[in-house]
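Notes for the structure review
Each chain, written out:
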Amino acid sequence: MTTARPILQIKALGFPWETIDPFLFCAYHDDAYPRANAQMGPDAPLAGRDLGQDFSRKDGWSMYHGTTVPGFPGHPHRGFETVTIVRKGLIDHSDSLGAAARFGGGDVQWLTAGKGIVHSEMFPLLDAGAPNPLELFQLWLNLPARSKMAEPHFTMFWSEDVPRFTATDASGRKTEVASIAGRIGPVDGAPGEGGPLAPPPDSWASQPDADLAIWTIRMEPGARWTLPAATGEGTRRSLYFFKGRTVCVAGQVVDGHAAIELRADAAVELINGDEVGEFLVLQGRPIGEPVAQYGPFVMNTQAEIAQTMADYRRTQFGGWPWPDTAPVHGRDPARFARHPGGREERPEGAAESKRA
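The shown structure was predicted, so the numbers you read here are calculated from the model rather than taken from an experiment.

1. Some words on the environment of methionine 299
Considering the arrangement of structural elements, one finds methionine 299 in strand S22 (residues 297-299). For methionine 299, a relative accessible area of 5% puts it in the buried group. Methionine 299 sits 154 residues away from alanine 145 along the chain, and the two C-alpha atoms are 7.5 Å apart. Dropping the residues within four chain positions of it, methionine 299 is found in contact with Arg78, Gly79, Lys148, Met149, Pro290, Val291, Ala292, Glu304, Ile305 and Thr308.

2. A word on the pairing of strand S11 (residues 164-168)
With five bridges joining them, S11 and strand S12 (residues 174-181) adopt antiparallel strand pairing. Across the sheet, the residue bridging to arginine 164 is alanine 178, located in S12. Linkage of S11 to S12, two consecutive antiparallel strands, is achieved through a turn of five residues, within which glycine 172 is found at a positive phi near 85 degrees.

3. Side note on the sheet that holds strand S17 (residues 252-255)
Sheet architecture is open: four strands sit in the order S14-S19-S16-S17, paired in antiparallel fashion. This sheet does not close on itself; its edge strands, each paired only once, are strand S14 (224-227) and S17. Direction aside, the axes of adjacent strands within the sheet are offset by 25 degrees on average. Direction of pairing for strand S16 (residues 246-249) relative to S17: antiparallel, over a ladder of four bridges.

4. Considerations on the side chain of serine 96
Here serine 96 is to be found in the loop between strand S5 (90-95) and strand S6 (100-104). A polar contact is formed between the side chain of serine 96 and the backbone oxygen of phenylalanine 317, at a distance of 3.3 Å. If near-sequence neighbours (up to four positions away) are discounted, serine 96 is found in contact with Ile117, Val118, Phe317, Gly319, Trp320 and Pro321.

5. Regarding helix H1 (residues 302-315)
Helix length check: H1 (14 residues) gives 20 Å between terminal C-alpha atoms against 20 Å at 1.5 Å per residue, within 8%. Those residues of H1 lying buried are Ile305, Thr308 and Asp311. Take H1 and look down its axis: the buried residues cluster within an arc of 120 degrees, on one side only. What points out from H1, more than 90 degrees from its buried face, is the exposed set Gln302, Ala303, Arg313 and Arg314.

Conventions and cut-offs
Residues numbered from 1 in each chain as written. Predicted model: local features only at pLDDT ≥ 70, side-chain atom pairs only at ≥ 80, totals over all residues. Heavy atoms only, no water. Helix = DSSP H or I, 4+ residues; strand = E, 2+ residues; numbered from the N terminus. Buried < 20%, exposed > 50% of the residue type's maximum accessible area, 1.4 Å probe, protein only. Contact = heavy atoms within 4.5 Å. Pairing = 2+ DSSP bridges. Axes fitted to C-alpha atoms, helices over the stretch in contact; angles between N-to-C directions. Polar contact = N/O pair within 3.5 Å; in protein donor to acceptor, adjacent residues only side chain to side chain. Expected span 1.5 Å × (residues − 1). Arc of directions from axis to C-beta.

What follows is the structure, given as structure tokens:
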């Protein structure tokens, strides 16, 4: 009797990272921004960059669609969700619902675009005396057809509230795991009672049988840890090795950064190499519906895409309540969120935040 191999395929990481249904893609940004200028942009010459469309990584960073402050000025979405995990630096969010947020340092924003939203995501640089590194993941998570026209929903997961645990192997080496979504190890209770935080109500992640998980893993040099098998039927799983030099996955050495598709029903031992290793795990039961995509719109048919474009031309998905297309929220570093309707939210202990 032979046992199926736990590794199904290994691919080099590109930009963006390839993903498996129900995820659409993962963009990983790791920018070494220099010190800030007075406009909260990089204090460095911008000559030679294609401003408004700069993905050059010249000098280790890009302006993206920003022209003064790096980032992504107002743009529309329909039919899916964005999950943005900021590891270093800050994002200033503003949207057509009237919501605004500044978040970073492990915070997560989960935004259901649903029937339509316009938002901007700017990367303000606040430190005028030192570099301003930025590191983040943005996942695009599909919505099933029944939820594509759901009401938009804005959720913040503050870093302090994201469940985490540390496992120590027989040699005393540590593995740290954070659960943005999905039960794992001791993260196994109800939301707020030791379990993962509750995803938005119309998300595929909110379906009990979706078996959706988003985990980050950090392993000390030489650490051993076993990624447990998924419990759902039909679940698919990807392990992204994005920091470190080597890792041994189920007995197979992986040299260099890679996307590794695993059998979700198998527990897989990870043995890290001689540098700190970091990983992202994405898993879920596929939605299994047709995908029609045109830029920031993700529907099921081309006719729905055409209707989406007509709707956006007609309504602008509610319009834009901000004074410019790329708003930033001042020089105060405090994190905050202002929800539609004006409700304020700040992480525990955060200082009062000033608005620009």
